[in-house]
Amino acid sequence: MAARRARGQRAGLTRRAVLEAALRLVDREGMKALSMRRLGDELGVEAMTVYHHVPNRSALLDGMVEQVVAEAVPPAFGAATWRADLDAYAHALAAALGAHPNAVPLLLSRAAMTPHNLGMIEAVVGMLYEAGFRLPRTLDIIYSLTSFVVGHAAAQVGHIDGAGSLASFDAESYPLMVRAAREAGGDTADARFDFALDALLSGFERELADTRAS
């Protein structure tokens, strides 16, 4: 642990360093361990120093969501096709949530409309609008895609594995269900994610085709 600084001394900290430390603490010990005092201990400063960078707990939690999302956002949307960009973002967000499983409940409970996250949404809206999607539909795409990825991550955190558990049920009572689960095998989470993501993106593609046709 770093030497504790005097009360109120900023110690060269940045907001990003505070948020990264908060994520480290939550990754290691869970959300219950998170407090300004514990975060100050993690950074080697007085708790009051943390308030120079995040004014309250709500701002801290929003910033943590922002930090997780930032790990998933490519430098610029529009570098590839809209479908490739969304596919890459979905996989990157899933990986970021997998790296911070204890933070997944935050993304389920907080919109975290920080300037950084709003800027990211604006960039995706612009990319999709330029691709030809109707402007209101761009928000539908963002929310549905993000909700799918976060829901998948929450299921992984909760160890909800449909095939693995369904395969153990009585095959005489539920023959088709059990057979389907057993044929799917045990390692299905990634395959299901890719299947559902492809279905979502294909649906968005059909929407775009219909918009162009009309």
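Because the structure is predicted, anything quoted here is derived from the model rather than measured.

Its place among the elements puts Gly203 in helix 11 (residues 189-213). Judged by relative accessible area, which is 24%, Gly203 ranks as partly exposed.

Right, let's get into the packing of aromatic side chains. Evaluation of the coordinates by the stated rule reveals three aromatic pairs. Between Phe148 and Phe193 the ring centres are 5.2 Å apart and the planes differ by 20°, which places this aromatic pair in the stacked class. Taken as a pair, Phe148 in helix 8 (residues 135-157) and Phe193 in helix 11 lie far apart in primary sequence, 45 residues in all. Each member of the pair, Phe148 together with Phe193, is buried.

The next thing to look at is the packing of helix 5 (residues 82-99) against helix 11. Running from N to C, helix 5 and helix 11 cross one another at 150°; their axes reach a closest spacing of 11 Å. Judged on the interaxial angle alone, helix 11 and helix 5 are roughly antiparallel. Handedness of the crossing formed by helix 5 with helix 11: right-handed. For the pair helix 5 and helix 11, contact is made by Trp82, Arg83, Leu86, Asp87, Ala90, His91 and Ala94 and by Phe193, Asp194, Leu197, Asp198, Leu201, Ser202, Phe204, Glu205 and Leu208, respectively. Here the contact of helix 5 with helix 11 is built from residues that sort into nine nonpolar, two polar and five charged.

Bringing helix 5 into the picture now. Under the 1.5 Å per step criterion, the end-to-end length of helix 5 is 26 Å for 18 residues, consistent within 8% with the ideal 26 Å. The complete set of buried residues in helix 5 reads Trp82, Arg83, Asp85, Leu86, Tyr89, Ala90, Leu93, Ala96 and Leu97. Here the buried residues of helix 5 occupy an arc of 160° about the axis, which is enough to place them on one side. Contacts from the buried residues of helix 5 go to helix 4 (57-72), helix 6 (104-109), helix 7 (115-131), helix 8 and helix 11.

Criteria and cut-off values
Residues numbered from 1 in each chain as written. Predicted model: local features only at pLDDT ≥ 70, side-chain atom pairs only at ≥ 80, totals over all residues. Heavy atoms only, no water. Helix = DSSP H or I, 4+ residues; strand = E, 2+ residues; numbered from the N terminus. Buried < 20%, exposed > 50% of the residue type's maximum accessible area, 1.4 Å probe, protein only. Phe/Tyr/Trp six-rings, centres within 6.5 Å; stacked < 30°, edge-to-face > 60°. Axes fitted to C-alpha atoms, helices over the stretch in contact; angles between N-to-C directions. Parallel < 35°, antiparallel > 145°, perpendicular 65-115°, else oblique. Left-handed = near helix turned anticlockwise from the far one by under 90°. Contact = heavy atoms within 4.5 Å. Nonpolar A, V, L, I, M, F, W, Y, C, P; charged D, E, K, R; others polar. Expected span 1.5 Å × (residues − 1). Arc of directions from axis to C-beta.

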